[in-house]
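# Structure at a glance
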Amino acid sequence: MTEATGHRTVRDETLDVLRRLGLTTIFSNPSHTEMKLFEAWPDDEFRFVMGLQEASVVGMADGYAQATGEPALVIINGGPGLANAMGSVYTAASAKTPMVILGGQQARKMLLGDPFLIAKDATQLPKPYIKWAAEPARPQDVPATIAQAYRIARQAPQGPVFVAVPEDDFVRPADPEPVRIPTVEDATVPSPAALDRIAAALNGARRPGLIAGGPVDAQGARGALVELAEKLNARVWGAPVWNRGAFPEDHPLFAGVLPPIPELINERLAAQHDVVVVLGGPAFTLFTAWDLFSTAPADLDRSPRPTLTADVEFLHVTDDPQAAAATLADSAFIARPGDVVKALVPLVEQRERVELALVREPVPVPEPTTPLTQAYLFHLLSKELPDTAVLFEELPIARADFHEQIPLGAGNGYFATASGALGFPFAGAVGYALARPDRRAVVVVGEGSAQYTLHSLWTAAQHNLPVTFVIPDNAGYLSLKYYLQDQKSWEKGYDLSGVDMAQLARGFGVRGERVETPEGLQAALREALTADGPVLLDVVVADPGLFRL
């Protein structure tokens, strides 16, 4: 209430709208441009989650939203604060994470000048990595704009949105009429004709295949996908840049994660299938082209754009119209992938369960050595991993060993960065644990990637969260090292020797332990995975050599 009039303020109305929308957990690293919202703060109704840097704050909100399936709320400065967070915003947009970001702006009367902490062209900074951005024209429009932002973030395809709020808006009188928040429900259903067409293609295929993207899990269809695959006796591949576990990796029909290179995708799929249905995500997220691995002089580029083999019919299901427009598939269908998976189960014919030829070589059991290998670390971690643990992974050069040695089961969750920006898992696991403290979050991230959202350790300690951080520490940004032919001349660019992750963790209030021998590794893992609160293990491993796709 304003002291002069006794009327409700924009702050009062904003807090009421946040309550009605269920946005009562707030991730923030505030600056003074947001302080008027926090005046007379109702601690008993809102949970305030503090982060020490904006990239970590947005990453934590990303993990929280993926755990709950509902938009998360972030409050940070809308100028330099949002700039600090843009790598994490980019990742949240790639993962289609619903998120409302309130960015503090300078007072309206100061916007004609160039004041400290101003957010110039506030709605432009986060573009194009958000769905929508707004700066309310009047102070009293702030609560309604937030309500609209929430609805847009939640609609398919979901994603982060941004609202810039001048700091003096919160103390202005609110509109006398309360904000009306309509109910917006997803009433779209897959087209019967589209379902019949996809089912007919699968039923008519000699060797059907399925490719699973993150939306299958996000939309609650992981179990239905298992049922669909078993009914078709079809292999299931993880979509390239596998950022969310949409199918159990220990299932006999799981064929592995596709490499993000068109030539290798075609090689794997053409040899195995005549019809492939892509469920969720784009078709496909690509990382690089095969010819770029060569160190020979490059010829004049006359190569065509990436294409998929004509030997396979590709059908693509996505709830993202832009992904459908850019698809490499033969046909695209705009619908929620989770709904399509569930609807296809009764439409496909039951096939005889025959054993399919192996597409993955048996994985050898690694031997204990000193120094430790990353494969041996992951092997032991798999042995000690709780059945319901949720894994957060960012291992640019160790991903092949990770998935080979840790075949995650039906009870395990799996999350990884959906973009090339580093840092999501370290922060995302903290946000996930805030939403789901009943499950152990396990972070497996290299010491290089950990630096991007290292501040998340402090938040984990403050809330005593069940998070285990496992660092395969090879003392370098080795994903860069193996791109170079003349490595010695650029050694300073990838050398991280001297970084002690265990000591850094202790500085943030998290128990940290450095492990260097096979004898101590299993006991350290067992204790770290059952501890009360967060633990970080800095496990020294040997240089693994050239990474594998």
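Before reading further, recall that the structure is shown in the block above.
To start, this report covers the structure provided alongside it. (Residues numbered from 1 in each chain as written. Predicted model: local features only at pLDDT ≥ 70, side-chain atom pairs only at ≥ 80, totals over all residues. Heavy atoms only, no water.)

## Here we look at the overall build of the chain
Scanning the chain from terminus to terminus reveals 19 helices and 18 strands. Computed over the C-alpha atoms, the radius of gyration of the chain is 25 Å, within 12% of the 24 Å expected from 2.2 N^0.38 for a compact globule of 549 residues. Considered along the principal axes of its C-alpha atoms, the chain spans approximately 80 × 60 × 50 Å. For the chain, the proportion of its 549 residues judged to be buried stands at 56%. Partitioning the contacts of the chain with sequence separation of at least 6, the portion at a separation of at least 24 is 76%. When the accessible surface of the chain is totalled, it reaches about 23,600 Å², and 52% of it is carbon and sulfur. Positive and negative side-chain charges in the chain, numbering 45 and 66 respectively, have mean positions lying 3 Å apart. (Helix = DSSP H or I, 4+ residues; strand = E, 2+ residues; numbered from the N terminus. Rg over C-alpha atoms; globule rule 2.2 N^0.38 Å. Buried < 20%, exposed > 50% of the residue type's maximum accessible area, 1.4 Å probe, protein only. Contact = heavy atoms within 4.5 Å. Areas by Shrake-Rupley, 256 points an atom, 1.4 Å probe, with all protein chains shown as cover. Lys, Arg positive; Asp, Glu negative; His and termini not counted. Charge placed at Lys NZ, Arg CZ, Asp CG, Glu CD.)

## Remarks on the pattern of salt bridges
A complete count under the given rule lists 22 salt bridges for this structure. Aspartate 438 is the salt-bridge partner of arginine 436, the closest N and O atoms lying 2.7 Å from each other. Among the residues examined, arginine 436 registers a relative accessible area of 28% and is labelled partly exposed. For aspartate 438, a relative accessible area of 55% gives the class exposed. Here glutamate 527 makes a salt bridge to arginine 511, at a shortest N to O gap of 3.2 Å. (Salt bridge = Lys/Arg side-chain N within 4 Å of Asp/Glu carboxyl O.)

## Re the sheet that holds strand β5 (residues 132-134)
The parallel open sheet is built from six strands, whose spatial order is β2-β1-β3-β4-β6-β5. The open sheet is flanked by β2 (47-50) and β5, the only strands paired with a single partner. Adjacent strand axes in the sheet meet at a mean angle of 20 degrees, parallel and antiparallel pairs treated alike. Direction of pairing for strand β1 (residues 25-29) relative to β2: parallel, over a ladder of four bridges. From the neighbouring strand, threonine 25 faces β2, where its bridge partner is arginine 47. Lying on the sheet, helix α3 (residues 54-68) is in contact with β1, β2, β3 (72-77) and β4 (99-105); it crosses β3 at an angle near 170 degrees. (Pairing = 2+ DSSP bridges. Axes fitted to C-alpha atoms, helices over the stretch in contact; angles between N-to-C directions.)

## Some details on the nonpolar core
Most often, soluble globular proteins keep nonpolar side chains buried together rather than apart. Ranked by size, the top nonpolar core spans 66 residues in total, and within it Leu210 and Leu225 carry the most contacts. Excluding residues within four positions of it along the chain, leucine 210 makes contact with Leu202, Leu225, Leu228, Ala229, Leu232, Ala234, Arg235, Val236, Trp237, Val277 and Leu279. In this structure, Val58, Ile76, Phe162 and Leu434 belong to the second largest nonpolar core, which totals 50 residues. (Core = buried A, V, L, I, M, F, W, Y, C linked by side-chain atoms within 4.5 Å.)

## Digging into the sheet that holds strand β17 (residues 511-515)
Taking strand neighbours across the sheet as the criterion, the six strands line up as β14-β13-β15-β16-β18-β17 in an open arrangement whose pairing is parallel. Since the sheet does not close on itself, it has two edges, and those belong to β14 (413-416) and β17, each with one partner. The mean angle between the axes of side-by-side strands here comes to 15 degrees, regardless of whether they run parallel or antiparallel. Here six bridges tie strand β16 (residues 467-473) to strand β18 (residues 535-540), and the two strands are oriented parallel to one another. Of the residues in β18, the one forming a bridge with threonine 468 is valine 535. Across the face of the sheet, helix α14 (residues 424-435) comes into contact with β13 (390-394), β14, β15 (441-445), β16 and β18 while running at roughly 160 degrees to β13.

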